[in-house]
Amino acid sequence: LAYVKEHNVKSGAVIGGGLLGLEAAKAVKDMGVESHIVEFADILMCRQIDEGGHNALVGTIEDLGLKVHCGARTNVFVGNDGTSGDESDAPVAALNFSNEDWDDLPVQMVVVSCGIRPRDELAKEGGIDIGERGGIVVDSSLRTSDENVYAIGECAL
């Protein structure tokens, strides 16, 4: 909050559309800042929900006043002096995307909440089914491939 006030932040982006990213984006909004969720995948919470769940979630998020940008290929942070990448020490002024026909997103603050990997080592060692990219495979009751073991949270697929 101090940074927002000190730097007169009007718009912020959270890179990452997982659970932690969504929580961070709501916190940014609660500080009185226009909040953008920038997600690489085509849907939010891609490890937990399908496209139908994504559509419902986006509707709810947008009703809260947050903006959602899925399929975003963040390329570089642009400084307020026009510099970008490693050459810039200036405060951020925009996110630049490598997506064709996407304009820069003007923001004065960026929160990075991406690259979270589920901690599934114990399940893997115990012979429980793991997803292709990590995470514990569960059914609709959150039961794993071992009928006596359940999984919840970021590790459950």
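Residues numbered from 1 in each chain as written. Predicted model: local features only at pLDDT ≥ 70, side-chain atom pairs only at ≥ 80, totals over all residues. Heavy atoms only, no water.

Novice: It is not clear to me how the sheet that holds strand β7 (residues 109-112) should be interpreted in this structure. Could you clarify?
Specialist: Consider a sheet: its strands pair through backbone hydrogen bonds, and that pairing is either parallel or antiparallel. The four strands are arranged β3-β2-β1-β7 in an open sheet whose pairing can be described as parallel. Of all the strands in the sheet, just β3 (67-70) and β7 have a single pairing partner and so form its edges. Across the sheet, the mean angle separating the axes of adjacent strands is 20° when strand polarity is ignored. The pairing of strand β1 (residues 11-15) with β7 spans four bridges and is classified as parallel. Residue valine 14 lies in a different strand from β7, and its bridge partner there is valine 111. (Pairing = 2+ DSSP bridges. Helix = DSSP H or I, 4+ residues; strand = E, 2+ residues; numbered from the N terminus. Axes fitted to C-alpha atoms, helices over the stretch in contact; angles between N-to-C directions.)

Novice: Help me understand the pairing of β3, please; the structure alone is not making it clear to me.
Specialist: A regular strand places its side chains on the two faces of the sheet in alternate fashion. Where strand β2 (residues 34-39) lies against β3, four bridges are found, and the strand directions are parallel. Each residue of the ladder has a partner; that of valine 38, found in β3, is histidine 69. For the handedness criterion, the β-α-β arrangement of β2, helix α3 (residues 51-63) and β3 is classed as right-handed. (Right-handed = clockwise from strand over helix to strand, strands pointing away.)

Novice: Just to check I follow, could you spell out the layout of surface pockets for this structure?
Specialist: By volume, the largest pocket amounts to about 520 Å³. Forming the walls of the largest pocket are 26 residues, and the residues nearest its centre are Gly16, Gly17, Glu39, Cys114 and Gly115. Sorting the residues of the lining of the largest pocket by element identifies α2 (19-30) and β2 as the ones contributing at least two each. Here the lining of the largest pocket gets three residues from one element, more than from any other, and that element is α2. Among the residues forming the lining of the largest pocket, the class breakdown is 12 nonpolar, eight polar and six charged. (1 Å grid on protein atoms, 1.4 Å probe; cavity = no way out; pocket = protein on both sides within 12 Å on 5 of 7 lines; lining within 4 Å. Points joined across faces, edges and corners; volume = space filled by probe spheres on them. Nonpolar A, V, L, I, M, F, W, Y, C, P; charged D, E, K, R; others polar.)

Novice: Where do I start with the packing of aromatic side chains in this structure?
Specialist: Any pair of aromatic rings gets described here by the distance separating the centres and the angle formed by the planes. Under the defined criterion, the tally for this structure stands at one aromatic pair. The ring of phenylalanine 40 carries arginine 73 above its face, with NZ or CZ at 3.8 Å from the centroid. (Phe/Tyr/Trp six-rings, centres within 6.5 Å; stacked < 30°, edge-to-face > 60°. Lys NZ or Arg CZ within 6 Å of the ring centre and 35° of its normal.)

Novice: It is not clear to me how the sheet that holds strand β4 (residues 74-79) should be interpreted in this structure. Could you clarify?
Specialist: With antiparallel pairing, three strands are arranged side by side in an open sheet as β4-β5-β6. Edge positions in the sheet fall to β4 and β6 (105-106), since each of these pairs with one other strand and no more. With two bridges connecting them, strand β5 (residues 92-97) and β6 associate as antiparallel partners. The residue of β6 that forms the bridge with leucine 95 is leucine 105.

Novice: Can you walk me through the environment of glycine 126 in this structure?
Specialist: Of note, glycine 126 is situated in the segment after α4 (121-125). Among the residues examined, glycine 126 registers a relative accessible area of 59% and is labelled exposed. Taking the C-alpha atoms as reference points, glycine 126 and alanine 93, 33 residues apart in sequence, are found 48 Å from one another. (Buried < 20%, exposed > 50% of the residue type's maximum accessible area, 1.4 Å probe, protein only.)

Novice: Help me understand unusual backbone geometry in this model?
Specialist: Most peptide bonds take the trans configuration, and most residues that are not glycine carry a negative phi. The backbone phi angle of methionine 45 is positive, close to 45°, even though this residue is not glycine. For methionine 45, a relative accessible area of 15% gives the class buried. A positive phi angle, near 70°, is found at leucine 142, a position not held by glycine. Here leucine 142 falls in the partly exposed class, since its relative accessible area comes to 35%.

Novice: Got a minute to help me understand a nonpolar patch on the surface in this structure?
Specialist: On the surface, Leu142, Tyr150 and Ile152 cluster together to form a nonpolar patch covering roughly 320 Å² of accessible area. As for its position among the elements, isoleucine 152 is in the segment after α4. Given a relative accessible area of 61%, isoleucine 152 falls into the exposed group. (Patch = residues over 30% accessible without salt bridge, like charges linked within 9 Å, V, L, I, M, F, W, Y side chains within 5 Å. Areas by Shrake-Rupley, 256 points an atom, 1.4 Å probe, with all protein chains shown as cover. Salt bridge = Lys/Arg side-chain N within 4 Å of Asp/Glu carboxyl O.)

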